[in-house]
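Fold and geometry: a report
So the chains spell out like this:
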Amino acid sequence: MTTNSAPTTALTHIAQLVTNDPSLGEGPLGLIQDAAVVIDGDRIAWVGPSGKAPATDNAVDADGRAVIPGFVDSHSHLVFAGDRTEEFNARMSGRPYSAGGIRTTVAATRAAGDDVLRANVARYLAEGLRQGTTTQETKSGYGLTVEDEARALRIAAEQTDEVTFLGAHIVPPDHADDPAGYVDLVTGPMLDACAPYARWVDVFCEKGAFDGDQARAILTAGAAKGLVPRVHANQLGHGPGVQLAVELGAASADHCTHLTDADVDALAGSETVATLLPGAEFSTRATWPDARRLLDAGATVALSTDCNPGSSFTSSMPFCIALAVRDMGMTPDEAVWSATAGGARALRRTDVGRITPGARADLALLDAPSHVHLAYRPGVPLVSAVWHKGVLV
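Let me begin by describing the structure that accompanies this report. Because the structure is predicted, anything quoted here is derived from the model rather than measured.

**Some words on the overall build of the protein**
Helix and strand counts for the protein come out as 13 helices and 15 strands. Relative to a compact globule of 393 residues, whose C-alpha radius of gyration would be 21 Å, the protein shows 21 Å and is just as compact. The buried share of the protein, taken over its 393 residues, is 57%. Counting only contacts in the protein whose residues sit at least 6 apart along the sequence, the fraction spanning at least 24 positions is 70%. Summing over all exposed atoms, the protein offers an accessible surface of approximately 14,700 Å²; the carbon and sulfur share of this is 52%. When the 30 basic and 47 acidic side-chain charges of the protein are each reduced to a single mean position, those positions are 2 Å apart.

So, in structure tokens, the structure goes:
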């Protein structure tokens with residue numbers, strides 16, 4: 001079975017295996033009962049019934065537990081310093097959420113040294129990995145100067161391949177009287193400095209941040225530099241973000257809380273993924289996105305944590321799955337698919353988010369017989385083992 005110098009490993013006696021490959025098993029999740037998976041190096045080499053697993057160098061007995069693909073968290077903001085506990089406490093005491101709180105984190109992040117930012121990114125990546133997240137996107141957006149945005153992306157790129165330039169997070173205080181000048185900075189010198197470190201370009205298209213024309217200019221400039229658009233869209237109210245994302249062929253429109261029928265139809269008729277971020281609604285006591293409406297219309301939905309210090313300070317994909325099932329109208333199957341395969345779609349990846357021959361060997365072993373327990377037992381640390389690129393971590 002060995003095709004290279006790396007030993008092969010079989011996970012056997014898996015009570016329920018989520019492959020996300022309907023050709024391998026039952027339903028959209030491609031479920032296989034009493035299954036086995038063979039890992040060869042950093043790839044999946046074989047999937048099938050446990051009794052038919054080929055001989056391997058090593059074996060791990062799942063002992064009647066479930067295995068799912070590693071989570072794909074396609075939206076987070078991990079390069080930051082500081083703390084917004086006071087803001088959260090005030091919000092939970094009645095003050096509404098707005099885009100302005102970002103400025104607090106910008107000041108702390110600018111003041112922090114590289115080592116502090118690097119350690120914070122590593123901490124939150126490790127925190128997610130322990131909970132089954134094996135692919136993690138993260139953004140800049142808390143520097144908002146040429147130097148600080150480039151620094152954030154350079155630090156992020158040291159630790160993850162999925163890096164997003166978000167110089168257009170808000171207009172910083174030092175450009176408050178000249179938002180047009182800040183857009184020129186983002187689309188000019190800042191983009192030039194940041195593009196080498198990023199795969200994606202993003203913009204917070206929202207009242208209090210950037211309007212549709214500004215967002216279009218920023219995303220178009222990023223695309224001209226080879227960066228693929230994604231959009232913070234329709235979080236705080238109705239706006240042009242979703243329509244702009246679809247028009248520009250963005251990989252994802254993220255948040256999608258306030259949608260018109262035309263927005264839903266646009267998403268359903270496009271390749272743009274609607275990425276829902278229930279941690280943000282939970283942490284701001286805001287209106288929940290209507291996942292059921294999007295799914296019934298035929299849109300592709302992803303789930304992500306939106307891990308950030310202001311509006312969604314969680315790195316837990318299982319928590320987001322539980323919220324999506326409880327409060328957003330998703331079934332457990334849909335939520336698990338959206339947190340794995342859906343996230344991969346939002347990152348335009350075919351090598352992650354599924355357990356099928358040739359895919360990257362990213363798996364999570366649950367201390368439960370079924371993936372449904374992720375929603376059924378909210379808050380319980382069910383991920384008992386994680387393989388990332390074929391390595392048990």
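**Brief notes about the sheet that holds strand S7 (residues 162-168)**
Read from one edge of the open sheet, eight strands run S5-S6-S7-S8-S9-S10-S11-S12, paired in parallel fashion. Two strands bound the open sheet, and with one partner strand each, they are strand S5 (71-73) and strand S12 (301-303). Adjacent strand axes in the sheet meet at a mean angle of 25 degrees, parallel and antiparallel pairs treated alike. Bridging between strand S9 (residues 228-233) and strand S10 (residues 252-255) involves three bridges; their strand directions are parallel. Counted as the bridge partner of Val231 is Ala253 from S10.

**Details of the pairing of strand S14 (residues 383-388)**
Relative to S14, strand S13 (residues 363-366) is paired through four bridges, and the arrangement is antiparallel. If you follow Leu365 over to S14, its bridge partner there is Ala385. With two bridges joining them, S14 and strand S15 (residues 391-392) adopt antiparallel strand pairing. Along S15, the bridge assignment pairs His388 with Val391. Here S14 folds back onto S15, and the loop between the two strands holds two residues, one of which, Lys389, carries a positive phi near 55 degrees.

**Topic: the packing of helix H5 (residues 179-194) against helix H6 (residues 212-224)**
Between H5 and H6, the least distance of the axes is 10 Å, while the angle of their chain directions is 10 degrees. As judged from the angle between their axes, H5 and H6 are roughly parallel. Across from Pro179, Val183, Val186, Thr187 and Leu191 in H5, the residues of H6 making contact are Gln214, Ala217, Ile218, Ala221 and Gly222. Across the contact of H5 with H6, the residue classes break down as seven nonpolar, three polar and no charged.

What counts, and at which threshold
Residues numbered from 1 in each chain as written. Predicted model: local features only at pLDDT ≥ 70, side-chain atom pairs only at ≥ 80, totals over all residues. Heavy atoms only, no water. Helix = DSSP H or I, 4+ residues; strand = E, 2+ residues; numbered from the N terminus. Rg over C-alpha atoms; globule rule 2.2 N^0.38 Å. Buried < 20%, exposed > 50% of the residue type's maximum accessible area, 1.4 Å probe, protein only. Contact = heavy atoms within 4.5 Å. Areas by Shrake-Rupley, 256 points an atom, 1.4 Å probe, with all protein chains shown as cover. Lys, Arg positive; Asp, Glu negative; His and termini not counted. Charge placed at Lys NZ, Arg CZ, Asp CG, Glu CD. Pairing = 2+ DSSP bridges. Axes fitted to C-alpha atoms, helices over the stretch in contact; angles between N-to-C directions. Parallel < 35°, antiparallel > 145°, perpendicular 65-115°, else oblique. Nonpolar A, V, L, I, M, F, W, Y, C, P; charged D, E, K, R; others polar.

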